[in-house]
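Understanding the architecture of this molecule
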Amino acid sequence: MSTLSLRGARILIVEDNFVVADALRYLIDGYGGSVSAIVPSVQRAHEALDAGRVDVAVLDINLNGASVVPLADHLLARGIPFVFLSGYGGEELLPEHLRSHPRFDKPVEAERLVRALLQLTRRDPES
Amino acid sequence: MLAARLDGSPDPVEAGDRLLLDRIRLGGKLMLAGIATFFVGELVLHSGERPLISVVQGTNLAVVALALYFVRESGRRGFNTAVGFAAYTITIVAVGAVGILGNDAIGPVVLMVGLAVITGTLLPWSPWWQLLSVVVIAATGIWMVDTIVEPPRHFWLQNLGSVAPTLACTVFISYALQRQRAAVEHAEREQCRREESLREANRRLEEEIQQHRKTEDALRFAIRELDHRVKNTLATVQAVADQTVRTSATMSEFSEAFYGRIQALARIHTALAVRRWEGLTLTELIELVVGPYRHHAGSVAVECDGTFVSSELVRVLGMALHELATNAAKYGALSTKDGRVAISSSIDSNGADRLRICWSEHSGPPVRQPLHRGFGMKLIEEALVYETDGDVTLRFLPVGVRCEIQLPVPPAAA
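Every value quoted in this text rests on a predicted model; they were computed, and no experiment measured them. (Residues numbered from 1 in each chain as written. Chains lettered and ligands numbered in written order. Predicted model: local features only at pLDDT ≥ 70, side-chain atom pairs only at ≥ 80, totals over all residues. Heavy atoms only, no water.)

Glancing now at empty space enclosed by the protein. All names here are of chain B. Summed over the entire model, instances satisfying the criterion amount to 2 cavities of 30 Å³ or more. Approximately 30 Å³ is the volume found for the second largest cavity. Around the second largest cavity, the lining residues are Arg356, Ile357, Cys358, Glu404, Ile405 and Gln406. Those elements giving two or more residues to the lining of the second largest cavity turn out to be β5 (352–362) and β7 (400–408). A per-class count over the lining of the second largest cavity returns 3 nonpolar, 1 polar and 2 charged. (1 Å grid on protein atoms, 1.4 Å probe; cavity = no way out; pocket = protein on both sides within 12 Å on 5 of 7 lines; lining within 4 Å. Points joined across faces, edges and corners; volume = space filled by probe spheres on them. Helix = DSSP H or I, 4+ residues; strand = E, 2+ residues; numbered from the N terminus. Nonpolar A, V, L, I, M, F, W, Y, C, P; charged D, E, K, R; others polar.)

Next up on the list: helix α2 (residues 42–51) of chain A. Given 3.6 residues to a turn, an α-helix orients residues that are three or four positions apart in the same direction. Residue and element names in this part refer to chain A. Regarding α2, the residues found buried are Val42, Ala45, Ala48 and Leu49. One side of α2 holds all its buried residues, which, seen down the axis, span an arc of 115 degrees. Structural note: α2 exposes Gln43, Asp50 and Ala51 on the side pointing more than 90 degrees away from its buried face. At its buried positions, α2 is contacted by β1 (10–14), β2 (34–39), β4 (62–63), β5 (66–67) and α3 (69–78). (Buried < 20%, exposed > 50% of the residue type's maximum accessible area, 1.4 Å probe, protein only. Arc of directions from axis to C-beta. Contact = heavy atoms within 4.5 Å.)

For the rest of this paragraph, the subject is the pairing of strand β6 (residues 391–397) of chain B. Residues and elements named next belong to chain B. Alternating positions in β6 separate cleanly, Val392, Leu394 and Phe396 being buried on one face and Asp391, Thr393, Arg395 and Leu397 remaining unburied on the opposite face. Pairing analysis gives 7 bridges linking β6 to β7, with the strands arranged antiparallel. Counted as the bridge partner of valine 392 is isoleucine 405 from β7. Connecting β6 to the antiparallel partner β7 that follows it, the hairpin turn spans 2 residues. (Pairing = 2+ DSSP bridges.)

Judged by nonpolar contacts, the single largest core of 79 residues is most densely connected at Ile11 and Leu117 of chain A together with Val290, Leu317 and Trp359 of chain B. By residue number, the principal contributor to this core is helix α9 (residues 311–330) of chain B, which donates 10 residues. Those residues within four positions of valine 290 of chain B in sequence are excluded, and the remaining contacts are Val300, Leu321, Ala325, Leu334, Ile343 and Trp359 of chain B. With 23 residues, the next largest nonpolar core counts Ala37, Leu59, Ile61 and Leu94 of chain A among its residues. (Core = buried A, V, L, I, M, F, W, Y, C linked by side-chain atoms within 4.5 Å.)

As far as function goes, none of this settles anything; it's purely spatial.
Structure follows, in structure tokens:
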């Protein structure tokens, strides 16, 4: 566990449940990453993207009934990688072109999530 | 032929067929009697005095006898009708010919008109046609009696022998065919009715299947929704555990705080499930999360006038209220018997509606500013603001903790 490090990576967390979002922030802090913001909605996410650099994003698929897909498309266009978090088991909420992106079921396993984030920020997990 | 009827009542077509055969048998006997009478009149009494009349009458007898033979197969309905019709026509012509040859004008005219009427009975058979045929038979009888009274005496035997059985047979055949046709029509109507009721049953079945399919879809949706809720709940529990561990100094501190939080979530979940996830009134929610920390009825005063909280808001608001309650039970007004908590709510209709909740403690032990911000305070101050775009002010006043919460209210709630 200690070999994994997110040092230097700026990560945006988009999750509508405060407790879960806050726990994710602590999780990423614990791996040396830097959380640029935790936000509950797509609109807040855009504000956070405008405010500073983001290397990778963690996206809850369902944001209090609203879909995160428009935000994912925006990130895709800006070349910012992302992973999905989902309370739903299936892929039915995601359009075809987003299904190849990493997706984690809630509750998320910390190490798997961190490995995926590392890979997306092109850091060698074994270094 | 149709199969046996489902309800066990006799098949009308079969009944019609039996009737036809009965009539044909009776007609056959009549024909035999007629032929015998004809030959007695012809050979014994008449002795070939008017050969042409004898030929016509004999031919007519033969034709009707053949017709009787041909219509005995009940299955060939169109053919039977044609044969019956042909027998009539020939009988009419024969009777007319006999009248002309015998210089008797009235009798044949009566018969021809009558037979024309009976011929009509091959077409739709109504009580009026039946009545007319009875009149015709009566008229024939009168004509017969007339020929009996007027010599030559042998002539009536000849007429009785040929005309009466042919007339009777054609009426029989006509009647039986009509009955048969009525039976077939009845059977067809019955068939239609049964098909209609089958179609109706089918339609109802189809509807039921649709209903089942809808229920199944709803169930599948509900299961997926349940899966979603369970996963989110587990994620919340995991996060609460993480955060509680992080902010607890000892194991007992952890278990007290963690179990308290999980218990509050569980009570909220149970109440929401009972209400089918529609939401709770603020009074109910306060009772659920603050109620357990009451010392007595006067410890907590709630004035919330049935304000309704939607299910999305219930969890986060409930958790914040739970933290206020545990804090009060540990350090504040609910840690002593004399302490009081007053909770009130109101709706601010200043542009967009906002729900204001005021938590106010007094008469408790003196309040000190907390040394560090724990997870509980974070839940009170940040969670509602984060999730609802609300506004929370938490103050540790000397008289007691005061917390003012303002939340945007969805239009439906009030």
